[in-house]
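# Breakdown of the fold
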Amino acid sequence: MSAATATGRAHGKVILLGEHAVVYGRPALAAGIDRGARATSLVAATAPAALSTLTLAGRTIPANATSQDDLSRAFAALLAPPDGSAPPAQPVVVEASSDLPPGGGLGSSAALAVAIARAIEGLVATSVSEPRVAARATAWERIFHGNPSGIDTTAAARGGCLRFTRGAGAVPVTRARDLTLCIGWSGASSSTRAMVDGVALLREREPERVNEAFDAIAGLVEDAIAALDAGDLRALGERMDQNQTLLRGLGVSTEAIERLCEAARGAGAFGAKLTGAGGGGSVLALVPSLDEERERGAMHPTATAILEAWRRDGLDGFVTRVARA
Ligand code: PMV
């Protein structure tokens with residue numbers, strides 16, 4: 001082992017446009033946000049044969065590849081991923097935490113995976129290799145999601161705004177300014193695996209309609225990138241609204257998601273849509289940038305109005321920022 005303790009951090013993520021279609025090779029626009037996950041690791045003062053442990057949300061679990069517990073198997077997979085990255089030579093003790101709601105569409109699982117993978121790499125290697133971090137995080141994500149596109153772990157690791165294509169990876173999007181987003185919680189967590197499976201089933205039944213929707217989403221992603229490059233947030237918001245309509249057609253929206261989107265638009269959002277797998281989880285609403293609102297002499301009044309509208313409806317939210325990559 002090369003260090004006695006190590007730490008790792010990672011971003012939560014939002015998908016600005018393109019979820020679900022990205023599983024089928026279409027591009028998506030993702031961003032790392034300023035909330036996320038962190039982990040610390042140290043070499044355990046136990047016998048070399050003891051199991052490594054992970055403490056998360058007050059629960060301590062062993063790394064066990066044959067456990068019934070997904071978290072226990074995911075931790076084991078991260079420690080010894082199939083690409084052959086070195087497992088720690090001695091058992092390790094990892095503590096991790098996240099300020100993202102699990103099942104909330106904000107990439108909580110991927111942020112934890114990347115933070116833990118970085119803390120492990122810091123312990124076993126002389127320098128943290130991002131490809132090895134990605135291999136470890138992907139091994140973890142496969143336990144939970146079955147068929148992950150990789151968008152969550154990429155955004156968690158890199159932050160900023162990224163154009164992501166499955167297999168081809170991520171390219172940072174150059175844009176005129178930072179983005180300010182309101183994130184609203186639908187009140188229900190959802191399973192990414194179940195939602196992805198549901199869309200796969202719909203695609204088997206109605207291939208033409210579903211593939212057309214994916215192509216339309218891909219077009220919106222390219223338009224959105226052009227809008228970002230031009231600094232045109234209104235045009236970006238319009239594309240987000242159109243993406244939401246297509247996601248509704250894929251059966252992944254819910255009544256609470258629609259209510260959050262409507263309330264946000266009514267309170268002045270440029271656009272609003274679900275983010276992540278849908279079926280619950282979170283909504284994101286694009287608001288004028290912090291700088292613009294400050295120029296008008298207030299601390300983002302649009303964001304405040306949106307959060308108040310959500311609260312009146314019994315739904316919770318927060319404001320976050322996507323910093324330049
Ligand atoms: O629910 P989340 O935040 O894990 O986002 C999943 C995004 C999907 O496109 C639905 C699945 C994927 O692997 O890309």
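Below is a summary of the structure that appears in this document. (Residues numbered from 1 in each chain as written. Predicted model: local features only at pLDDT ≥ 70, side-chain atom pairs only at ≥ 80, totals over all residues. Heavy atoms only, no water.)

## Quick look at the sheet that holds strand E9 (residues 271-275)
Strand order in the open sheet made by the 4 strands is E9-E10-E8-E11, with antiparallel pairing throughout. This sheet does not close on itself; its edge strands, each paired only once, are E9 and strand E11 (316-322). Each adjacent strand pair in this sheet contributes to an overall mean axis angle of 25°, direction not counted. Pairing analysis gives 5 bridges linking E9 to strand E10 (residues 282-287), with the strands arranged antiparallel. Paired with Leu274 across the strands is Val283, a residue of E10. In the packing of helix H7 (residues 233-249) onto the sheet, the strands contacted are strand E8 (179-185), E9 and E10, and the crossing angle to E9 comes to about 45°. (Pairing = 2+ DSSP bridges. Helix = DSSP H or I, 4+ residues; strand = E, 2+ residues; numbered from the N terminus. Axes fitted to C-alpha atoms, helices over the stretch in contact; angles between N-to-C directions. Contact = heavy atoms within 4.5 Å.)

## Details of the side chain of Lys273
Within the fold, Lys273 resides in strand E9. A relative accessible area of 0% places Lys273 in the buried class. A distance of 3.0 Å separates the side chain of Lys273 from the backbone oxygen of Ile15, its partner in a polar contact. The residues contacting Lys273, other than those within four sequence positions of it, are Ile15, Leu16, Leu17, Glu19, Met240, Asn243, Gln244, Leu247, Cys261, Val283 and Leu284. (Buried < 20%, exposed > 50% of the residue type's maximum accessible area, 1.4 Å probe, protein only. Polar contact = N/O pair within 3.5 Å; in protein donor to acceptor, adjacent residues only side chain to side chain.)

## Here's the deal with the pattern of salt bridges
Tallied over the entire structure, the rule returns 18 salt bridges. As a salt-bridge pair, Asp70 and Arg73 come within 3.1 Å of each other at their nearest N and O atoms. Separated by 3 residues within a single helix, Asp70 and Arg73 lie in helix H1 (residues 70-79), roughly one turn from each other. For Asp70, a relative accessible area of 33% corresponds to the partly exposed category. For Asp241, the salt bridge identified is with Arg265, shortest N-O distance 2.8 Å. Of the two residues, Asp241 sits in helix H7 while Arg265 sits in helix H8 (residues 255-266), which places them 24 residues apart along the sequence. Accessibility expressed as a relative area gives 24% for Arg265, which makes it partly exposed. Residues joined in a network through salt bridges with shared partners are Glu121, Arg132 and Arg136. (Salt bridge = Lys/Arg side-chain N within 4 Å of Asp/Glu carboxyl O.)

## Structural notes on the nonpolar core
Leu16, Leu29, Ile116, Leu236 and Trp310 are the most contacted members of the largest nonpolar core, which totals 89 residues. Here this core takes 11 residues from helix H2 (residues 108-124), the largest share from any one element. Discounting residues that sit within four places of it in the chain, Ile116 has contacts with Ala39, Leu54, Phe75, Leu78, Val94, Ala96 and Trp140. One finds Ile151, Ala155, Phe164 and Val196 within the second-largest nonpolar core, a separate group that totals 11 residues. (Core = buried A, V, L, I, M, F, W, Y, C linked by side-chain atoms within 4.5 Å.)

## Side note on the site of the ligand
As a structural note, the neighbourhood of the ligand is formed by 16 residues, with Lys13, His20, Ser149, Asp152 and Thr192 the closest of them. A distance of 2.7 Å separates an oxygen atom of the ligand from a polar side-chain atom of Asp152. Protein chains shield 94% of the accessible area of the ligand, which is 390 Å² for the free molecule. Residue assignment for the shell around the ligand shows that the elements contributing at least two residues are strand E1 (5-17), helix H4 (151-158) and helix H5 (192-205). Class assignment of the residues belonging to the shell around the ligand gives a composition of 7 nonpolar, 6 polar and 3 charged. (Near = heavy atom within 4 Å. Areas by Shrake-Rupley, 256 points an atom, 1.4 Å probe, with all protein chains shown as cover. Nonpolar A, V, L, I, M, F, W, Y, C, P; charged D, E, K, R; others polar.)

## A word on H8
Here H8 is 12 residues long and its end C-alpha atoms lie 16 Å apart, about the 16 Å a rise of 1.5 Å per residue gives. Burial in H8 covers these residues: Ala256, Ile257, Glu258, Leu260, Cys261 and Ala264. Gly268 sits one or two residues past H8 and shows a positive phi near 110°. (Expected span 1.5 Å × (residues − 1).)

## Observations concerning the packing of aromatic side chains
Within the structure shown, the criterion is met by 2 aromatic pairs. Taking 5.0 Å as the distance between ring centres and 15° as the angle between the ring planes, the aromatic pair formed by Tyr24 and Phe214 counts as stacked. Here Tyr24, found in the loop between E1 and strand E2 (28-43), pairs with Phe214, found in helix H6 (residues 207-230); they are 190 residues apart in sequence, far enough to count as distant. Arg35 extends its terminal NZ or CZ atom over the ring of Phe318, reaching a point 3.7 Å from the ring centre. (Phe/Tyr/Trp six-rings, centres within 6.5 Å; stacked < 30°, edge-to-face > 60°. Lys NZ or Arg CZ within 6 Å of the ring centre and 35° of its normal.)

## Topic: the environment of Arg265
Considered as a pair, Arg265 and Arg193 are 72 residues apart in the sequence and their alpha carbons are 29 Å apart. Not counting the four nearest positions on each side in its chain, Arg265 is found in contact with Asp241, Gln244 and Ala272.

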